[in-house]
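Overview (structure and organization)
So the chains spell out like this:
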Amino acid sequence: MTTPALLPLSGRRLPPLNLGASAFPHHRATLRLSEKFILLLILSAFITLCFGAFFFLPDSSKHKRFDLGLEDVLIPHVDTSKGGKNLGGFLIHGQGHDEHRHREEEERLRNKIRADHEKALEEAKEKLKKSRDEIQAEIQTEKNKVVQELKKKDSKPLPPVPLPNLIGINSGEPADLDIREKRNKIKEMMKHAWDNYRQYGWGHNELKPIARKGHSTNIFGNSQMGATIVDALDTLYIMGLHDEFREGQEWIDKNLDFSVNSEVSVFEVNIRFIGGLLAAYYLSGQEVFKIKAVQLAGKLLPAFNTPTGIPWAMVNLKSGVGRNWGWASAGSSILAEFGTLHMEFVHLSYLTGDPVYYNKVMHIRKLLQKMDRPNGLYPNYLNPRTGRWGQHHTSVGGLGDSFYEYLLKAWLMSDKMDTEARKMYDDAIEAIEKHLIRKSNGGLTFIGEWKNGHLERKMGHLTCFAGGMFALGADGSRDDKAGHYLQLGAEIAHTCHESYDRTTLKLGPEAFKFDGGVEAVAVRQNEKYYILRPEVIETYWYMWRFTHDPKYRQWGWEAAQAIDKYCRVSGGFSGVKDVYSSSPTYDDVQQSFFLAETLKYLYLLFSNDDLLPLDNWVFNTEAHPLPVLHLANTTLSGNPAYR
Ligand code: DMJ
């Protein structure tokens, strides 16, 4: 019989067996006599070799090679005090008294090997009598068995865990008619984005709304993992688009497969896929999302196999081989990438009872805590081989942003128990305020970037998320500076609104300067684009929740109208290349985060606060809501806050 372990598991076709018809005329295809003879010759040579090896190899190697149940003879031990003889870690008991037993064992072994080989020979003979079709049918049966076993293993139910208290999964419908209409308009925009993706890009990662076909970028490697479906699920759910949600669920159930030979970004896959699947699980209770999230997380774990435990930026989902982006300072990993895994990984440990995920992210935190920080700032680059910082660039925008966000959110999602994370957040924000936050001549508060010892007076669209972060972190801040941080959040929101308001399209550029008489305006052509990003609207929403100042709803509505006017095309929504041009050109990409974040934050801005209240839910950096975990009684080793 062919053993399952030797069967090919891939879908590749087996090479045809060369079976002639002459020897066994009653079979359609049989072996020629000469071939049979050669096969038998090879088999007997192999048997002779095995016998030879058994008799001529030294004792210890014999025992190691043939693991045939010699536990009673070889006992792992290092203590020689009881009369035994220690041979390389194995203790052989009293030589004289066991000599007879030893001979018996050898005899038993010899008989067993003889019997095994005779059996193998018989089986080989039987096989040679079979037709090619019979052999292939047998192989197929064995193959199916293995696939079934693997499937069973994959879909093993996870241990049951009490679901956290899930408050606020309701409609959040506003009483005010005008607000309700605005909210309905956002829902209609979501439908337009989804329906077109459904029609033209289904199963692809993203959509090209003008070419009307699928799209992908290097963050997803060459995979087709339906990023838009996974990213959009929870937005569909909270908008009450349940048919669309079910379509997405069905696709995920049937098609989402992570065994692909594709090199993906660990960070992006974590925030979009694991975050999206976990949020969909918590909102809907459908097990399939949890199972897929855990399967995917298993595929990301090899990325942590570096000398320091700081993960590679990319990992091949099939081979587990990792590497870093070629452009990152001297082979470094990126702060915003390895520092934005905490929320999802703690939830994975919570849901599976397996501490492996938690331990990985806590290890990163511990390592960062031990390192010196220039001026108290975290550089964006860290070498995973040496554990040393790369270039001393610090940013609250690209390359740094969500690391700070996750320190704060780690504290919030632990029901404020993880005070270590809160302290790291407070320390980092103090250094950022001191070295990176300035007021422009025109009175606009901005957050610049630190590059090799000097401050670059430029702010990215990505940095605009920080307004919301300051507001979210105001409560519980050091020295009771809640008012100060809420004010800082409001000032950043204002600056970012100005960056929109000073353009022709009323949409914000990718980066804007505060230098040489320029205020909140992009200077370089390659910084004038808007790619449907959410950060400014995200800050409006947090500011709305904490202040209820109607200007935030008004600013959000301005942005929604501009998106609908300038980014909407008949095949979906597209980014634009120049927000200062009255006849903009399209980039022809409908980003998955447009459905995950931009439209979700807009919808929440025009909903009541009891839809996903911030006391009970913490949004990951891709706007996927995860519930606050009450971990006080849960044992997650490593952090005293959790004990
Ligand atoms: C999103 O994927 C996430 O918000 C991430 O943290 C950075 N920015 C993009 C959208 O702009």
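Residues numbered from 1 in each chain as written. Predicted model: local features only at pLDDT ≥ 70, side-chain atom pairs only at ≥ 80, totals over all residues. Heavy atoms only, no water.

1. What about the sheet that holds strand 14 (residues 449-451)?
Taken in spatial order, the 3 strands of this open sheet run 11-14-15, and their pairing is antiparallel. The open sheet has two edge strands, strand 11 (393-394) and strand 15 (454-456), and neither has a second partner. Pairing geometry for strand 11 and strand 14, over 2 bridges, is antiparallel. Bridge assignment links His-393 to a residue of strand 14, and that residue is Lys-451. (Pairing = 2+ DSSP bridges. Helix = DSSP H or I, 4+ residues; strand = E, 2+ residues; numbered from the N terminus.)

2. Describing helix 12 (residues 356-370)
When the terminal C-alpha atoms of helix 12 are compared, their 22 Å separation across 15 residues agrees well with the 21 Å that a helix rising 1.5 Å per residue should span. Listed as buried for helix 12 are Tyr-357, Tyr-358, Val-361, Met-362, Ile-364, Arg-365, Leu-367 and Leu-368. For helix 12, the elements touching its buried residues are helix 9 (287-300), helix 10 (335-338), helix 11 (342-352), strand 10 (381-382), helix 13 (401-413) and helix 14 (419-435). (Expected span 1.5 Å × (residues − 1). Buried < 20%, exposed > 50% of the residue type's maximum accessible area, 1.4 Å probe, protein only. Contact = heavy atoms within 4.5 Å.)

3. As for empty space enclosed by the protein
According to the stated counting rule, one finds 5 cavities of 30 Å³ or more in the structure shown. In terms of lining residues, the largest cavity is bounded by 13 residues, among which Gly-339, His-342, Arg-365, Phe-403 and Leu-407 are the most central. Looking at the lining of the largest cavity, the elements that each hand over two or more residues are helix 12 and helix 13. Looking at side-chain class alone, the lining of the largest cavity contains 10 nonpolar, 2 polar and 1 charged residues. In this model, the second largest cavity occupies a volume close to 60 Å³. (1 Å grid on protein atoms, 1.4 Å probe; cavity = no way out; pocket = protein on both sides within 12 Å on 5 of 7 lines; lining within 4 Å. Points joined across faces, edges and corners; volume = space filled by probe spheres on them. Nonpolar A, V, L, I, M, F, W, Y, C, P; charged D, E, K, R; others polar.)

4. Digging into the site of the ligand
Around the ligand, a shell composed of Ile-271, Arg-272, Leu-462, Arg-533, Pro-534, Glu-535, Phe-593, Glu-597, Thr-621 and Glu-622 is seen. Thr-621 has a polar backbone atom sitting 2.8 Å from an oxygen atom of the ligand. Relative to its free-state accessible area of 300 Å², the ligand is covered by the protein chains to the extent of 92%. Among the cavities detected, the one that contains the ligand is the largest pocket. (Near = heavy atom within 4 Å. Polar contact = N/O pair within 3.5 Å; in protein donor to acceptor, adjacent residues only side chain to side chain. Areas by Shrake-Rupley, 256 points an atom, 1.4 Å probe, with all protein chains shown as cover. Sits in = over half its atoms within 2 Å of the grid points.)

5. Details of unusual backbone geometry
One non-glycine residue, Lys-416, lies in the positive phi region at around 65°. Checked against the element boundaries, Lys-416 lands in the loop between helix 13 and helix 14.

6. With respect to the packing of helix 8 (residues 266-284) against helix 9
Two elements in contact, helix 8 and helix 9, have axes whose closest approach is 8 Å; the angle formed by their N-to-C orientations is 160°. Judged by the inter-axis angle, helix 8 sits roughly antiparallel to helix 9. Where helix 8 crosses over helix 9, the two elements pack in a sense that is left-handed. Residue-level inspection shows Val-266, Val-269, Asn-270, Phe-273, Ile-274, Leu-277, Leu-278, Ala-280, Tyr-281 and Ser-284 of helix 8 in contact with helix 9, the latter providing Glu-287, Phe-289, Lys-290, Lys-292, Ala-293, Leu-296, Ala-297 and Leu-300. A breakdown of the residues in the contact of helix 8 with helix 9 according to their chemical character gives 13 nonpolar, 2 polar and 3 charged. (Axes fitted to C-alpha atoms, helices over the stretch in contact; angles between N-to-C directions. Parallel < 35°, antiparallel > 145°, perpendicular 65-115°, else oblique. Left-handed = near helix turned anticlockwise from the far one by under 90°.)

7. Comments concerning the state of the cysteines
Using the criterion set out here, one finds 1 disulfide in the structure. For Cys-464, the disulfide goes to Cys-496, at an S-S distance of 2.1 Å. Across the disulfide from Cys-464 to Cys-496, rotation about the S-S bond amounts to roughly -95°, and the bridge is consequently left-handed. On the criterion of sequence distance, the pair formed by Cys-464 in the loop between strand 16 (458-460) and helix 15 (465-474) and Cys-496 in helix 16 (residues 482-501) is long-range, its members being 32 residues apart. Looking at Cys-464, the relative accessible area reads 0%, which means it is buried. Classification of Cys-496 as buried rests on a relative accessible area of 1%. (Disulfide = S-S within 2.5 Å.)

8. Thoughts on the sheet that holds strand 17 (residues 511-515)
Across the sheet, 3 strands lie side by side as 16-17-18; this open sheet has antiparallel pairing. Across the chains shown, the open sheet's two edge strands, defined by having one partner strand only, are strand 16 and strand 18 (518-521). Each strand of the sheet is rotated relative to its neighbour by a mean of 15°, with strand direction disregarded. Direction of pairing for strand 17 relative to strand 18: antiparallel, over a ladder of 3 bridges. Within strand 18, the position partnered with Lys-513 by the bridge is Val-521. The strands touched by helix 16 within the sheet are strand 16, strand 17 and strand 18, with strand 17 carrying the most contacts at an inclination of about 105°.

9. Here's the deal with the UniProt feature "binding site: Ca(2+)" (unreviewed entry) in the protein
UniProt records the feature "binding site: Ca(2+)" (unreviewed entry) for Thr-621 in the present numbering. One can find Thr-621 in the loop between strand 21 (617-619) and strand 22 (625-627). Ignoring any residue separated from it by four or fewer positions in sequence, one finds Thr-621 in contact with Phe-267, Ile-271, Thr-340, Ser-402, Glu-405, Tyr-406 and Glu-597. In terms of polar contacts, Thr-621 uses its side chain to reach the side chain of Glu-405, at 2.9 Å. (UniProt positions renumbered as here; feature names shortened; annotations may be inferred.)

10. What to know about the layout of surface pockets
Each pocket or cavity is described by its volume, and for the largest pocket that value is around 1300 Å³. Gly-398, Leu-399, Leu-462, Glu-510 and Arg-533 are the residues nearest the centre of the largest pocket, which is lined by 49 residues in total. The element that contributes the greatest number of residues to the lining of the largest pocket is helix 8, accounting for 4 residues.

11. What to know about the environment of Thr-228
Here Thr-228 lies in helix 6 (residues 227-238). Its relative accessible area of 1% is what places Thr-228 among the buried residues. As for Thr-228 and Gln-590, which are separated by 362 residues in sequence, their C-alpha atoms are 9.1 Å apart. Other than its neighbours up to four places away in sequence, Thr-228 contacts Trp-194, Tyr-197, Asn-205, Glu-206, Ser-592 and Leu-595.

12. Structural notes on the pattern of salt bridges
Scanning the model with the defined rule gives 35 salt bridges in all. Arg-198 is the partner of Glu-247 in a salt bridge, and the nearest nitrogen-oxygen pair spans 3.0 Å. Residue Glu-247 is found in helix 7 (residues 242-255), and its partner Arg-198 is found in helix 5 (residues 177-201); the two are separated by 49 residues along the sequence. Judged by relative accessible area, Glu-247 falls into the partly exposed class, the value being 29%. For Arg-198, a relative accessible area of 32% gives the class partly exposed. (Salt bridge = Lys/Arg side-chain N within 4 Å of Asp/Glu carboxyl O.)

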